[in-house]
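If you want the building blocks of each chain, they are given just below.
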Amino acid sequence: MLNLASESPEGWAQKAAAHLDEILLDHAHCEKKAASTAISLIFRYPEFPQLAIPLSRLAREELAHFEQVLGVLRSRGLEFARQRPSRYAARLMTAVRNHEPHKMVDTLLCCALIEARSCERMQRLAEWFESEAGRDEELAKLYRGLLASEARHHTSYVDLARSCGGLEAEDVRERLRELAEHEASVSLAEADEPVRLHN
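Scoring rules and cut-offs
Residues numbered from 1 in each chain as written. Predicted model: local features only at pLDDT ≥ 70, side-chain atom pairs only at ≥ 80, totals over all residues. Heavy atoms only, no water. Phe/Tyr/Trp six-rings, centres within 6.5 Å; stacked < 30°, edge-to-face > 60°. Helix = DSSP H or I, 4+ residues; strand = E, 2+ residues; numbered from the N terminus. Salt bridge = Lys/Arg side-chain N within 4 Å of Asp/Glu carboxyl O. Buried < 20%, exposed > 50% of the residue type's maximum accessible area, 1.4 Å probe, protein only. Axes fitted to C-alpha atoms, helices over the stretch in contact; angles between N-to-C directions. Parallel < 35°, antiparallel > 145°, perpendicular 65-115°, else oblique. Left-handed = near helix turned anticlockwise from the far one by under 90°. Contact = heavy atoms within 4.5 Å. Expected span 1.5 Å × (residues − 1). Bend = angle between axes of the 7 residues up to and from the residue. Polar contact = N/O pair within 3.5 Å; in protein donor to acceptor, adjacent residues only side chain to side chain. Nonpolar A, V, L, I, M, F, W, Y, C, P; charged D, E, K, R; others polar.

Visitor: Describe the packing of aromatic side chains, naming the residues involved and giving the relevant values.
Guide: According to the stated counting rule, one finds three aromatic pairs in the structure shown. Ring plane angle 70 degrees and centroid distance 6.3 Å describe the contact between Tyr45 and Phe48, whose orientation is recorded as edge-to-face. Considering the side-chain rings of Phe66 and Phe80, the 5.4 Å spacing of their centres and the 85 degrees angle between planes classify their relative orientation as edge-to-face. Linking Phe66 in helix H3 (residues 52-75) with Phe80 in the loop between H3 and helix H4 (88-93), this pair joins segments that are 14 residues apart in sequence.

Next comes the structure, spelled out in structure tokens:
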């Protein structure tokens, strides 16, 4: 279960597919950033050694996905490059509380929601590229193949928030629900936002 409070707008996948070069490049950046975030959390919270192995494994998997997306880019004559990011993650993280252990819990839960939104969007893309209108076997295979790991990463972050934050399980569930409502509001692009995987 992804714990999202909203679904992507109808037609999102078609819109994304119309900006495919941008979406694929953004996807590569997202995988790289996800790996970096996991490693940064290990550095930020050395007093919680139970974070180290799960986040190290998660980072390696994200880097493998990064390389996989790079391969797809290159097969289409594209290369990894700088790109203007969306403000999705920054806006999502504005809800993170400033004091510990709530800051760590909120950060882990926001990471969980980013993974959940990725999974939901990749599901939409897989379905689109499997359809007659958007048929693309390479991309359908890419996005269908990533769904299980994205869902697993979501669950891993939620489990870490529950086990490391020192909060009651019900408090973590309620905070996840609150953050999911916030995520639903920031997942929709503003008028001047570029087309990206998370908006």
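Visitor: Account for the pattern of salt bridges, naming residues and giving values.
Guide: One pass over the structure, following the stated rule, counts 19 salt bridges. For Asp106, the salt bridge goes to Arg97, with nearest N and O atoms at 2.8 Å. Judged by its relative accessible area of 26%, Arg97 is partly exposed. When the shortest N-O distance is used, the salt bridge between Asp106 and Arg175 registers 2.9 Å. Within this pair, whereas Asp106 is found in helix H5 (residues 102-130), its partner Arg175 is found in helix H7 (residues 169-186), the two being separated by 69 residues in sequence. Its relative accessible area of 13% is what places Arg175 among the buried residues.

Visitor: Kindly report on the packing of helix H2 (residues 20-44) against H5, identifying the contributing residues and their values.
Guide: The geometry of H2 relative to H5 is characterised by a closest axis approach of 12 Å and an angle of 155 degrees between their N-to-C directions. The orientation of H2 with respect to H5, classified from their angle, is roughly antiparallel. Here H2 runs over H5; the crossing is left-handed. Each of Leu20, Ile23, His27, Glu31, Ala34, Thr37, Leu41 and Arg44 in H2 lies in contact with H5, whose residues at this interface are Thr107, Leu108, Cys111, Glu115, Met122, Leu125 and Phe129.

Visitor: Which residues make up helix H6 (residues 137-164), and what are the values?
Guide: With 28 residues, H6 should reach 40 Å at 1.5 Å per residue; the first-to-last C-alpha distance of 41 Å fits that figure. If you look at H6, its biggest bend is around 35 degrees, right at Leu147. N-capping of H6 is provided by Asp136, with a side-chain oxygen placed 3.3 Å from the backbone N of Glu138. Looking one or two places after H6, you find Gly166, whose phi comes out positive at around 70 degrees.

Visitor: I'd like a rundown of unusual backbone geometry, residues and numbers included.
Guide: The step from Glu100 to Pro101 runs through a cis peptide bond, and the omega angle for that step is 5 degrees. Structurally, the position occupied by Pro101 is in the loop between H4 and H5. For Asn3, which is not glycine, the phi torsion reads 60 degrees and is therefore positive. Note that Asn3 resides in the segment before helix H1 (12-17).

Visitor: So what's going on with the packing of H3 against H6? Residues and values would help.
Guide: Packing of H3 against H6 leaves a shortest axis separation of 11 Å and a crossing angle of 160 degrees. In terms of their interaxial angle, H3 and H6 are classed as roughly antiparallel. Between H3 and H6 lies a crossing of left-handed hand. Taking contact as the criterion, the partners of Pro54, Leu55, Leu58, Glu61, Glu62, His65, Gln68, Val72 and Ser75 in H3 are, on H6, Glu138, Leu139, Leu142, Leu146, Ser149, Glu150, Arg152, His153, Tyr157 and Leu160. The residue inventory of the contact of H3 with H6, partitioned by class, reads nine nonpolar, five polar and five charged.

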